[in-house]
Each structure stands twice: as structure tokens, then as C-alpha cells.
Amino acid sequence: MNIFSAVATCGFGLESVLSFELKKLGMQKVQASDGRVAFETDGAGIARANIWLRTAERVLLVLAQYPAASFDELFEGARAVPWGELIGRHDAFPVKGYTMNSQLSSVPACQSVLKKALVERLAQDHGTRFLTEKSGVTKRVQFSIVKNICTLMLDTSGDGLHKRGYRPLLHEAPIKETLAAGICDLARVFPESCVVDPFCGSGTLVIEAALRAKNMAPGLNRPFAAENYDFLGGAPVFRQAREEARAQIRSDADFVGFGSDIDPAAIETAQANAQRAGVADCVSFEKADARELAAQANDLILANPPYGERLMDDQAVGRLYTEFGKRLFKQTFKGLYMISSHPEFERLIGRKAVRRRKLYNGMLPCQLYMYF
Ligand SMILES: C[S@@+](CC[C@H](N)C(=O)[O-])C[C@H]1O[C@@H](n2cnc3c(N)ncnc32)[C@H](O)[C@@H]1O
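One structure accompanies this document, and this report is about it.

The rules we used
Residues numbered from 1 in each chain as written. Predicted model: local features only at pLDDT ≥ 70, side-chain atom pairs only at ≥ 80, totals over all residues. Heavy atoms only, no water. Patch = residues over 30% accessible without salt bridge, like charges linked within 9 Å, V, L, I, M, F, W, Y side chains within 5 Å. Areas by Shrake-Rupley, 256 points an atom, 1.4 Å probe, with all protein chains shown as cover. Salt bridge = Lys/Arg side-chain N within 4 Å of Asp/Glu carboxyl O. Helix = DSSP H or I, 4+ residues; strand = E, 2+ residues; numbered from the N terminus. Buried < 20%, exposed > 50% of the residue type's maximum accessible area, 1.4 Å probe, protein only. Axes fitted to C-alpha atoms, helices over the stretch in contact; angles between N-to-C directions. Left-handed = near helix turned anticlockwise from the far one by under 90°. Contact = heavy atoms within 4.5 Å. Nonpolar A, V, L, I, M, F, W, Y, C, P; charged D, E, K, R; others polar. Pairing = 2+ DSSP bridges. Right-handed = clockwise from strand over helix to strand, strands pointing away. Core = buried A, V, L, I, M, F, W, Y, C linked by side-chain atoms within 4.5 Å. Domains from an automatic or database assignment.

**Topic: a nonpolar patch on the surface**
Phase 1 of the analysis: On the surface, Y98, M100 and V146 cluster together to form a nonpolar patch covering roughly 240 Å² of accessible area.
Phase 2 of the analysis: By the element assignment, Y98 lies in strand 5 (residues 95–100).
Phase 3 of the analysis: Its relative accessible area of 35% is what places Y98 among the partly exposed residues.

**Looking at the packing of helix 3 (residues 71–79) against helix 4 (residues 107–126)**
Phase 1 of the analysis: Helix 4 packs onto helix 3 with a crossing angle of 35° between their chain directions and a minimal axis gap of 8 Å. Crossing handedness for the pair helix 3 and helix 4: right-handed. Where helix 3 approaches helix 4, its residues F71, L74, F75, A78 and R79 are matched on the opposing element by A109, C110, V113, L114, K116, A117, L118, E120 and R121.
Phase 2 of the analysis: In the contact of helix 3 with helix 4, the residues fall into 10 nonpolar, no polar and 4 charged.

**A few points about the environment of H162**
Phase 1 of the analysis: As for its placement among the helices and strands, H162 is situated in the loop between strand 7 (149–155) and helix 5 (177–186).
Phase 2 of the analysis: Contacts of H162, omitting those with residues within four sequence positions, involve E57, K176, E177 and T178.

**Describing the pairing of strand 10 (residues 283–287)**
Phase 1 of the analysis: Bridge analysis of strand 9 (residues 256–261) against strand 10 gives 5 bridges, and the strand direction is parallel. Across the sheet, residue D261 finds its bridge partner in strand 10, namely K287.
Phase 2 of the analysis: The handedness of the strand 9 to strand 10 crossover, carried by helix 8 (residues 264–277), is right-handed.

**Concerning the sheet that holds strand 9**
Phase 1 of the analysis: Read from one edge to the other, the open sheet built from 7 strands follows the order 10-9-8-11-12-14-13, with strand pairing classed as mixed. Whereas interior strands pair on both sides, the edge strands pair on one side only; in this sheet they are strand 10 and strand 13 (355–361). This sheet shows a mean twist of 20° between the axes of neighbouring strands, independent of strand direction.
Phase 2 of the analysis: Across 4 bridges, strand 8 (residues 194–197) lies against strand 9 in parallel orientation. Paired with V196 across the two strands is F258, which belongs to strand 9.

**Quick word on the nonpolar core**
Phase 1 of the analysis: Formed by 117 residues in total, the largest nonpolar core has its most connected members in L74, L152 and V279.
Phase 2 of the analysis: Looking at this core element by element, the count peaks at 7 residues for helix 6 (residues 204–213).
Phase 3 of the analysis: Two domains each put at least three residues into this core: domain 1 (4–155) and domain 2 (177–215 + 250–371).

Next up, the structure:
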């Protein structure tokens, strides 16, 4: 059994949540650093990671890590990898990456040196001068050069893992599925939870909460690049991982999800998305003003309200937070987990959070304000 070194990438602030997910999946040597978590596993484990991880952006194999302060070092380190075992004679192999705090600072120049090294090694390994890149299989090579250390990786996910396949329809300023799943983890959504999102937009938070509560693997119904990677076991290991995941769905979960939004178009979108995600039986959506929310004692309220950046101006958002908080904090509920980039959030909503966590919504630094 071949063991591979791998990394799962994630949004800043979600590393500990992702580490926990990887340990739960039985991955070995799990180690978190900024925006990524390293681990070791076999080909079947790579399939399970892609299908099950809720907060990861993608899963990559780590092929080499070496000092590269010059183009010669960069080239030789890349040529030393046995690419012929990973990339077929006619497979496409785009090379992309970034450099940071390093002598080699031009990304296009590094890209072209690495591509040349791969072409040379692949031609040698396959005993040919012609690499057509036309087999229909694409193997994306990623590099990072940080403090003069180059890491070469092979993507196994294909599309980013936030693309679960249930959300072709978007409402304004949707939250990424992976960030929504992270918020569900931090809010401790359980199979018996009652989750309420009064600013639901496309329904992402409610849908991710339902998937988690029912133990439905988020990648069950989408394809992955590594299904074409024979050296990992290819399509059969993914088929097996999907079968195992289907058997683990908890159809007995008592979960209930409820989303509302002031915009009726959002409600239609959320309903269609829930249908596609296979959770329509336990969630419902309705047009309502969040400022009139009547909470119940068992409600776990999750929300991604407007921040005053893309939707609504600063003053209108300030009033919205204040009116929402004024009514809500007079009521009894189980917990409130609200993400916002607004620097005055706690003052406006009228209460200091019990706990806060810095998270990024795309490039935007935010806080998750937790009340429980
Ligand atoms: C940032 S978006 C939420 C996006 C959502 N999390 C998603 O994934 O699509 C904020 C939402 O708040 C809604 N909204 C604004 N004011 C509202 C109010 N007073 N009551 C309810 N919803 C409101 C907007 O229509 C918008 O859909």
C-alpha cells in the first residue's frame, strides 16, 4: 500500500476545524499551518478526504520540497521527481503557483522553468519526444516557493471542494459552502439541532447544517480529478468511498432547518438549492424580515447578514444590526453565531460576544461573533 504526503487547503481561521475533520477520517500525521493542514494517507484515503471534507478547499499530493534560490535549483528539484509515474504520456499538466518572501519572485518565470523540467523528465520517462497533452485527462501541478523553499504538489480535487454541486443558483453575496460548514462546526450543529438563518440568501448555512446533521458527505454527487489517477486507485476507490458514504447517511436525524430572507427571490433560490442537495425534507424557507424574528428556546441561529460592504450602506446596516439585536436579545434561544466584517458589530447589535473567531470571507477579514 502506497502512503502519500498530502495537504488540504482551507480558509484562514478554519485550520483547527479541518484538522479535526482529517483526524476523524483516520488520516495520519495531521499537522496544521496557516491556511493548510498536512497529513498522510493511501489512495483510498485521498478519495475519502475529497468526498468527506466539509471545510477544505482542495486536497493536493505533496511530491517534493527542496531549497530553490535559483532557477537551476528550481529546475533540478523538479526534474528529480518521477513524473512519468504520475502523468501519462498524453495527459495535460498545467503548472500554476505563487512565490512569497523568496529570491525567485517572478511567477511566470518559475512556471516556465518548472514546465520545462517536467517536459524533460516526462519525455525521458515515457521514452518519447512528443507530449501532446491531449488524452483528455488533466493533472494540475501546483507550486509554492516560500522563503526559498519550493513545494511541488499535484491537485486531486479538480474543481474547488466548495463546489458541492447543489448551488448553481446564487443569491447576492453568498457565503462559500466551506466557510458555512466551518460556522456549523463552530456552532456545534448536531443531528437533533434546530438551525435558523434569518438572512438566508441562497440557503447555504441551513443546507450545510442539514448535510452535517444527516452525516451526508458533501462531495457525494460531484466528480474529482483523481478519479482519473490510476496510481491512486482511480475510479474504483472513489466508487467504494461513495458507497461507504451513502451507507453512513443518518436518515433518522431529527434535524430541522429554517431560513428566511426579506427578498422573495432568495427564497426560491434556497428552496431549489435544498432540493438539489437532498435535504428538502428537513428544511424550509420563507420570506420574512429578520427584525421580526420570533426565536424559540431550542433555536441555534446562524447568520451571514449584510456587512455594509457589498450589500446596503454602512448606516442602513448599523440600523439593521441594532433593530435585530434589540428584539432578539429579549428572547430565549440556544445560540447565535453571526459573521460580519463590520468593525462596530458588537456595539451595534448591543451585546459583547461570549467568544469571537477571526475568519476570512473570501479576502475580507471577518469575525464570527458567538453568543451561547
Ligand atoms: C450576505 S447575504 C446572505 C447570503 C447567504 N448566506 C448565502 O449564502 O446566500 C445577506 C442577505 O440578507 C438579506 N437581508 C437584508 N436585510 C434583511 C432583513 N431586514 N431581513 C431579512 N433578510 C435581509 C439580503 O436579502 C441577503 O440575501
